[in-house]
Amino acid sequence: MVYFVGAGTGAVDLITVRGMRLLRQADVVIYAGSLVNPDLLSYAKESCEIHNSAKMTLEEVIQVMNRAHREGKEVVRLHTGEPSIYGAVREQMDELERSGIPYESCPGVSACFGAAASLNLEYTLPGISQTLIITRMEGRTKVPEKEKIESLAAHQASMAVYLSAGMIGELSRRLIEGGYKETTPAALVYKATWPQEEAYICTVGTLYPVSVEHHITATALILVGEAVAHQHYEKSRLYAADFSTGFREARQ
């Protein structure tokens, strides 16, 4: 069996209990060494065979999985954050299906939620935004035309932009072209929940100079939207005294 496990955002104790258990029982671990906190490997048993996929091709990863399956070993494919978001897991799953190798997924905490916890944010504030857009700028990997930053910015919802820290100047310009004001609150979060975390509140218009000032060009998440400032929002109707729910009658 191959288990695709989300490692969480970086802090060793933010992996799920299930993910930790799977790591402890694994015979082979293939981890995304470019992003996964290596301290998570301390959960693995001493006899565990460990591979760093940052130095491997897709074919080499699948070869290790195939060999382990033939030998009756359990494999953990340890991905950063939540594997379903920019995890490149589907291509691995398709290869496993072609080889008749069973697999399962174990979710993890994605960086946008780790960053929200670090900044005590709520992305979906009533009257401000009820939508969180998770996206990235196109680089060597393209994005569909309908998902260009300008198109998404037109919604002016809360936005978490991954894999774009090296293009913050262009990102800022395109966010403004799409509809965000220069004064729209924003945050730049480097290595959310890691011991080395750095977080800076700014605006869409000042994202680039803040990134230059603090030398942030990689491994950072950009958050955009009025929810970052958590001001001028409406209180939730769920807890309002005059609002009935399936558990509580409205009080006059």
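This is a predicted model, so every value here is computed, not measured.

Scoring rules and cut-offs
Residues numbered from 1 in each chain as written. Predicted model: local features only at pLDDT ≥ 70, side-chain atom pairs only at ≥ 80, totals over all residues. Heavy atoms only, no water. 1 Å grid on protein atoms, 1.4 Å probe; cavity = no way out; pocket = protein on both sides within 12 Å on 5 of 7 lines; lining within 4 Å. Points joined across faces, edges and corners; volume = space filled by probe spheres on them. Helix = DSSP H or I, 4+ residues; strand = E, 2+ residues; numbered from the N terminus. Nonpolar A, V, L, I, M, F, W, Y, C, P; charged D, E, K, R; others polar. Phe/Tyr/Trp six-rings, centres within 6.5 Å; stacked < 30°, edge-to-face > 60°. Buried < 20%, exposed > 50% of the residue type's maximum accessible area, 1.4 Å probe, protein only. Pairing = 2+ DSSP bridges. Axes fitted to C-alpha atoms, helices over the stretch in contact; angles between N-to-C directions. Contact = heavy atoms within 4.5 Å. Parallel < 35°, antiparallel > 145°, perpendicular 65-115°, else oblique. Left-handed = near helix turned anticlockwise from the far one by under 90°.

Enquirer: What exactly am I supposed to notice about the layout of surface pockets here?
Expert: Over the atoms, a rolled probe matching the size of one water molecule traces out where space is still vacant. Counted as a void, the largest pocket has a volume near 950 Å³. If you trace the largest pocket, you find 41 residues lining it, with Ser34, Leu35, Thr80, Tyr86 and Leu163 closest to the centre. Only helix H2 (58-70), strand E4 (75-79), helix H3 (90-98), helix H4 (111-119) and strand E10 (220-224) provide two or more residues apiece to the lining of the largest pocket. For the lining of the largest pocket, the per-class residue count stands at 21 nonpolar, 16 polar and 4 charged. Considering only enclosed or pocket space, the second largest pocket measures out at about 300 Å³ in volume. Lining the second largest pocket we find Tyr86, Thr135, Arg136, Gly139, Arg140, Thr141, Lys142, Val143, Pro144, Glu147 and Leu163. Of the residues that constitute the lining of the second largest pocket, the class distribution is 4 nonpolar, 3 polar and 4 charged.

Enquirer: Could you clarify how one ought to interpret the packing of aromatic side chains in this entry?
Expert: The geometry of two aromatic rings is summed up by the distance between their centres and the angle between their planes. Taken as a whole and assessed by the stated rule, the structure comprises 2 aromatic pairs. Geometrically, the ring pair formed by Tyr86 and Tyr162 is tilted, given 5.5 Å between the ring centres and 50° between the ring planes. A residue pair is termed long-range when its members are at least 10 positions apart, and Tyr86 in the loop between E4 and H3 and Tyr162 in strand E7 (residues 158-162) qualify at 76 residues.

Enquirer: Hey, could you run me through unusual backbone geometry in this one?
Expert: Comment: phi is negative for the bulk of residues other than glycine, and the bulk of peptide bonds are trans. Of note in this structure, Tyr86 is not a glycine but carries a positive phi near 55°. Residue class for Tyr86 comes out partly exposed when judged on its relative accessible area of 38%. Backbone geometry at His215 places phi at a positive 60°, although glycine is not the residue there. Taking relative accessible area as the criterion, His215 reaches 70% and is therefore assigned exposed.

Enquirer: Just to check I follow, could you spell out the sheet that holds E7 for this structure?
Expert: Taken in spatial order, the 5 strands make up an open sheet running E6-E7-E10-E8-E9, and their pairing is mixed. Taken across any chain shown, the strands that pair with only one partner, and hence form the sheet edges, are strand E6 (132-136) and strand E9 (198-203). Here the strands of the sheet are splayed against their neighbours by 20° on average, with no regard to which way each runs. Note that strand E8 (residues 185-190) and E10 share 5 bridges and pair antiparallel. Its bridge partner lying in E10, Ala187 is registered against Leu223. Sheet contacts for H4: E6, E7, E8, E9 and E10; angle to E10, the most-contacted strand, approximately 70°. Of the strands in this sheet, E7, E8 and E10 touch helix H6 (residues 168-178), which is tilted by about 15° from E10.

Enquirer: Before we go on, may I ask you to explain the packing of H2 against H3 in this structure?
Expert: Packed helix pairs are specified by the crossing angle of their axes together with the interaxial distance, meaning the distance between the axes. Running from N to C, H2 and H3 cross one another at 45°; their axes reach a closest spacing of 11 Å. Taken together, the axis directions place H2 and H3 in an arrangement best described as oblique. In this structure, H2 crosses over H3, and the sense of that crossing is right-handed. Contacts between H2 and H3 involve Leu58, Val61, Ile62 and Met65 from the former and Glu91, Gln92, Glu95 and Leu96 from the latter.

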